[in-house]
Number of protein chains: 2
Amino acid sequence: MRIAVDLLGGDHAPGEILLGVADALRADFSPEDFLLIGPKEITESFFKEQGIPDIPEIIHTDVFIAGDEKPIVALRAKPKASISLAVKAMKDGKAQGLVAMGNTGAAVAASTMGLGMLKGIRRPAIAVTFRMAENSFILLDAGANPTPKPLHLFQYGLMGESFARDIFDQDRPRVALLNIGSEASKGSPLLQETHQLFSDSDFNFVGNIEGNHLFSGEADVIVADGFSGNLALKVIEGFAEFLGQAARNLSDDDKNLRASFRSLLGAADYSEVGGAILLGVNATVIIGHGRSRANAVLSAIRFVREELQKGVNQHILQSAAAYSEPAQSSHD
Amino acid sequence: MRIAVDLLGGDHAPGEILLGVADALRADFSPEDFLLIGPKEITESFFKEQGIPDIPEIIHTDVFIAGDEKPIVALRAKPKASISLAVKAMKDGKAQGLVAMGNTGAAVAASTMGLGMLKGIRRPAIAVTFRMAENSFILLDAGANPTPKPLHLFQYGLMGESFARDIFDQDRPRVALLNIGSEASKGSPLLQETHQLFSDSDFNFVGNIEGNHLFSGEADVIVADGFSGNLALKVIEGFAEFLGQAARNLSDDDKNLRASFRSLLGAADYSEVGGAILLGVNATVIIGHGRSRANAVLSAIRFVREELQKGVNQHILQSAAAYSEPAQSSHD
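Residues numbered from 1 in each chain as written. Chains lettered and ligands numbered in written order. Predicted model: local features only at pLDDT ≥ 70, side-chain atom pairs only at ≥ 80, totals over all residues.

Engineer: What is the right way to read the overall build of chain A from this model?
Structural biologist: Broken down by element type, chain A carries 12 helices and 11 strands. Burial statistics for chain A: of 332 residues in total, 54% are counted as buried. Put simply, of all contacts in chain A between residues at least 6 apart along the chain, 70% involve residues at least 24 apart. (Helix = DSSP H or I, 4+ residues; strand = E, 2+ residues; numbered from the N terminus. Buried ≥ 20, exposed ≤ 12 C-beta atoms within 10 Å, placed from the backbone. Contact = placed C-beta atoms within 7 Å.)

Rendered as structure tokens:
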């Protein structure tokens, strides 16, 4: 079990990414757990400076895809880009997990095209988890596919359900559909048809959920089309930033307030796992935010290991196989 | 200029609504400013108890549409419902403004069907305003029409622009389109076509805006399809509630923190105007939340007066007339 780490994605590459790997090596990871893709000399000097003699294998490249490049165009133009070499190495069986910071579209496209989909799954989904004291949930798709079909949404639910069993230790995760009303007849034909698919399934489907109930602990898996999921996620991000800014503007007298306030906002911190989770492809992939620092990289590394150890993808495969047959015969 | 007030909508009807009207009368409103629709005897006793001798005209009814009733069905089944009688009185010229708490769908349908649209405007929009220290903005549509056409979205921008000129005192309001990416090619064909309509117009169109930039002061008017607008609004609501709940759970030692925290959340309080603004119909209508208390009712009353005094609808009519002709001839 090895994790490929793209050293060249994101705003703080390769420094913060290398720091994250170094932290992992100082903790309970060993060099054999990693395959690094990036500038060989810089990486070797870095570990030397850090006093880490025993270092992971490195695949050298100094080509990268920037955050603002068009994914497909950039992937074609740069066959030696770090993300492409990382995926190629995974295809060759050299790693099963991937941590990449930066251009989300390029990471999704490279993984999907290079590694293929899990058998039975039609489309990948970007998932984000909100892990809180009282309740955790996974929201997917957060933007991989803004115009999905009902079956894609159904399979997002299937993947999220396997994920929630393994990662949240939920026996029978509650699956909900993000919509603008609670009735089955609400929303677009896409959402209405998806509602029907879930209602006819054996999943613990709790119906539509509205945006104001995301955090009220009513569902463990929240299925959304990529447009709505992305919008919801960004609205939360923006509102948290706005409040955080308001807190920063407090006078120095309010230092305690400021600290407590930020810890409250932290309660809804979806970056705990270090990034967005790509589900549906034939590998375990975390795509971190471009602005990720070492601690986010370390979290992502830990999370990829957890997913691999708990067998999330195997469980998705089993569930997909069950649902490719008529529901009655497979689940009764 | 008279404002019809539906006394029977919402969770706290008629008590809190009457209290709001009483507060208005004790401030700078006179009985002639109001037309009340609701239970006559209860209303008369209420004002007597409050020591207000000179009271507004009352149209009696004790029929109402509850928040969970299906709007069109309920409107047909209950011709004497307070919202229907209010709209009928407005149609007869007895009032120009309307404040209604409760069933939003019923208020939208009754107003649209009973009063008609402003000339040149195809569809009504529900607008919400966020009025903050640093910057204010209006978001529309927040749910009147989940499946609009590009022209409808364009006209939401037109209405929002007139509104922002009048209410935010913006000379040249910046109009943006809610989307999941900044490029013109992002989002559905609906959003792409709307982007083109705005780009070809004389509006101060600043392009697409993503959910994480709603609060960053980049736009004064944010145009959304009813699904996205409703989702964004509810996500904000839900996240604010979640944080508010977290603040309430703080220990008593943190009382100051709790108070400050709530005032921070209040910075994004879109209920300052007392409810959602219905734009596009041939009247000035505010639809309050079902849980509105007296202060929200008073805010709504004040806001309807402000809209009437500043002539928002007249300015929408002028703008719609200008845009019904070719842009070149009307705006050069």
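Back to the text.
Engineer: What is the right way to look at the sheet that holds strand β3 (residues 57–60) of chain A in this model?
Structural biologist: Consider a sheet: its strands pair through backbone hydrogen bonds, and that pairing is either parallel or antiparallel. Residues and elements named next belong to chain A. Across the sheet, 11 strands lie side by side as β3-β2-β1-β4-β11-β10-β5-β6-β9-β7-β8; this open sheet has mixed pairing. At either margin of the open sheet sits one strand with a lone partner, and together these are β3 and β8 (204–209). Adjacent strand axes in the sheet meet at a mean angle of 25°, parallel and antiparallel pairs treated alike. Here strand β1 (residues 3–6) runs beside strand β2 (residues 34–38); their pairing, made up of 4 bridges, is parallel. Each residue of the ladder has a partner; that of Asp 6, found in β2, is Ile 37. (Pairing = 2+ DSSP bridges. Axes fitted to C-alpha atoms, helices over the stretch in contact; angles between N-to-C directions.)

Engineer: When you look at the sheet that holds strand β6 (residues 137–140) of chain B in this model, what are you seeing that I'm missing?
Structural biologist: Residue and element names in this part refer to chain B. Taking strand neighbours across the sheet as the criterion, the 11 strands line up as β3-β2-β1-β4-β11-β10-β5-β6-β9-β7-β8 in an open arrangement whose pairing is mixed. Since the sheet does not close on itself, it has two edges, and those belong to β3 (57–60) and β8 (204–209), each with one partner. Direction aside, neighbouring strands of the sheet carry axes that sit 25° apart on average. In the sheet, strand β7 (residues 174–178) pairs with β8 via 5 bridges, with the strands oriented parallel.

Engineer: In this structure, what is going on with helix α5 (residues 104–115) of chain B? I would like to understand it.
Structural biologist: An α-helical segment advances 3.6 residues per turn. Residues three or four places apart therefore align on the same side. Residue and element names in this part refer to chain B. Under the 1.5 Å per step criterion, the end-to-end length of α5 is 16 Å for 12 residues, consistent within 8% with the ideal 16 Å. Restricting attention to buried positions, one finds in α5 the residues Thr 104, Ala 106, Ala 107, Val 108, Ala 109, Ala 110 and Ser 111. Considering only its buried residues, α5 is in contact with α3 (71–77), α4 (82–91), β4 (97–101), β5 (125–130), β10 (276–279) and β11 (284–288). Once α5 finishes, Gly 116 follows within two positions and takes phi at roughly 80°, a positive value. (Expected span 1.5 Å × (residues − 1).)

Engineer: Help me understand the confidence of the model for chain A in this model?
Structural biologist: In regions of low pLDDT, the predicted coordinates are not meant to be interpreted in detail. Mean pLDDT over chain A stands at 91; residues scoring 70 or higher make up 90%. Contacts from residues 326–332 of chain A, a stretch scored under 50 in pLDDT, to residues over four places away or in other chains number 8 contacts. (pLDDT = per-residue confidence, 0-100.)

Engineer: Explain the packing of helix α6 (residues 150–167) of chain A against helix α7 (residues 189–199) of chain A to me, please; I cannot follow it from the model alone.
Structural biologist: Packed helices, taken two at a time, are described by the angle between their axes plus the distance between the axes. Residues and elements named next belong to chain A. Their axes nearest at 9 Å, the elements α6 and α7 cross at an angle of 50°. Relative to α7, the element α6 lies oblique. Judged by the sense of rotation from one axis to the other, the crossing of α6 with α7 is right-handed. Across the interface between the two elements, Pro 150, Leu 153, Phe 154 and Gly 157 of α6 pack against Leu 190, Glu 193, Thr 194, Leu 197 and Phe 198 of α7. For the contact of α6 with α7, the class distribution of residues is 6 nonpolar, 2 polar and 1 charged. (Parallel < 35°, antiparallel > 145°, perpendicular 65-115°, else oblique. Left-handed = near helix turned anticlockwise from the far one by under 90°. Nonpolar A, V, L, I, M, F, W, Y, C, P; charged D, E, K, R; others polar.)

Engineer: Whenever I open this one, the environment of Gly229(B) confuses me. Can you help?
Structural biologist: Position of Gly229(B) relative to the elements: it lies in helix α8 (residues 226–248). Taking C-alpha positions, Gly229(B) is 27 Å from Ser84(B), a pair spaced 145 residues apart along the chain.

Engineer: Would you explain the domain arrangement of chain A in this entry?
Structural biologist: Along its sequence, chain A is carved into domain 1 (1–121 + 280–295) and domain 2 (122–273). Each side of the interface is counted separately: domain 1 of chain A has 8 residues, and domain 2 of chain A has 10 residues. (Domains from an automatic or database assignment.)

Engineer: Any chance you could explain the environment of Gly9(B) here in plain terms?
Structural biologist: Residue and element names in this part refer to chain B. Examined against the element boundaries, Gly 9 turns out to sit in the loop between β1 (3–6) and α1 (15–26). The sequence separation of Gly 9 and Met 101 amounts to 92 residues, and the corresponding C-alpha distance is 4.7 Å. For Gly 9, the contacting residues outside a window of four places in its chain are Phe 64, Ser 82, Ile 83, Ala 100, Met 101, Gly 102 and Asn 103.

Engineer: Before we go on, may I ask you to explain the pairing of β4(B) in this structure?
Structural biologist: For a regular strand, the rule is simple: side chains alternate between the two faces of the sheet. Residues and elements named next belong to chain B. Within β4, 5 of the 5 residues are buried, which leaves it mostly tucked inside the rest of the structure. Here β4 shows a buried face lined by Gly 97, Val 99 and Met 101 and a second buried face lined by Leu 98 and Ala 100. Bridge count between β1 and β4: 3 bridges; the pairing is parallel. Residue Val 5 lies in a different strand from β4, and its bridge partner there is Val 99. Across 5 bridges, the pairing between β4 and β11 is parallel. The partner of Leu 98 across the bridge, within β11, is Val 285.

Engineer: I tried to follow unusual backbone geometry on my own but got confused; where do I start?
Structural biologist: What you tend to see is this: most non-glycine residues have negative phi, and most peptide bonds are trans. All names here are of chain A. Here the residue pair Leu 140 and Asp 141 is connected by a cis peptide bond, since its omega of 5° sits within 30 degrees of zero. Tracing the chain through its elements places Asp 141 in the loop between β6 (137–140) and α6. Although it is not a glycine, Asp 169 sits at a positive phi angle of roughly 55°. By the element assignment, Asp 169 lies in the loop between α6 and β7 (174–178). Using a count of 10 C-beta atoms within 10 Å as the deciding quantity, one classes Asp 169 as exposed.

Engineer: Whenever I open this one, the environment of His213(A) confuses me. Can you help?
Structural biologist: The residue His213(A) is located in the loop between β8 and β9 (221–223) in this model. Sequence spacing of His213(A) and Leu178(A) is 35 residues, and the spatial spacing of their C-alpha atoms is 9.6 Å. When sequence neighbours within four positions are dropped, the list of residues in contact with His213(A) reads Glu218(A) and Gly238(B).

Engineer: Can you help me understand α1(B) in this one?
Structural biologist: Residues and elements named next belong to chain B. A rise of 1.5 Å per residue sets the reference length of α1, with its 12 residues, at 16 Å; its end C-alpha atoms lie 16 Å apart and thus fit the reference within 8%. The set of residues buried in α1 consists of Glu 16, Ile 17, Leu 18, Gly 20, Val 21, Ala 22 and Ala 24. Against β1, β2 (34–38), α2 (40–49), β4 and α10 (294–310) lie the buried residues of α1.

Engineer: Explain the pairing of strand β5 (residues 125–130) of chain A here, please?
Structural biologist: Residues and elements named next belong to chain A. Here β5 lies mainly inside the structure; 6 of its 6 residues are buried. Both faces of β5 are covered, namely the face carrying Ala 125, Ala 127 and Thr 129 and the face carrying Ile 126, Val 128 and Phe 130. Across 3 bridges, the pairing between β5 and strand β10 (residues 276–279) is antiparallel. Counterpart to Ile 126 in the pairing with β10 is Leu 278. Bridge count between β5 and β6: 4 bridges; the pairing is antiparallel. If you follow Ala 127 over to β6, its bridge partner there is Leu 140.

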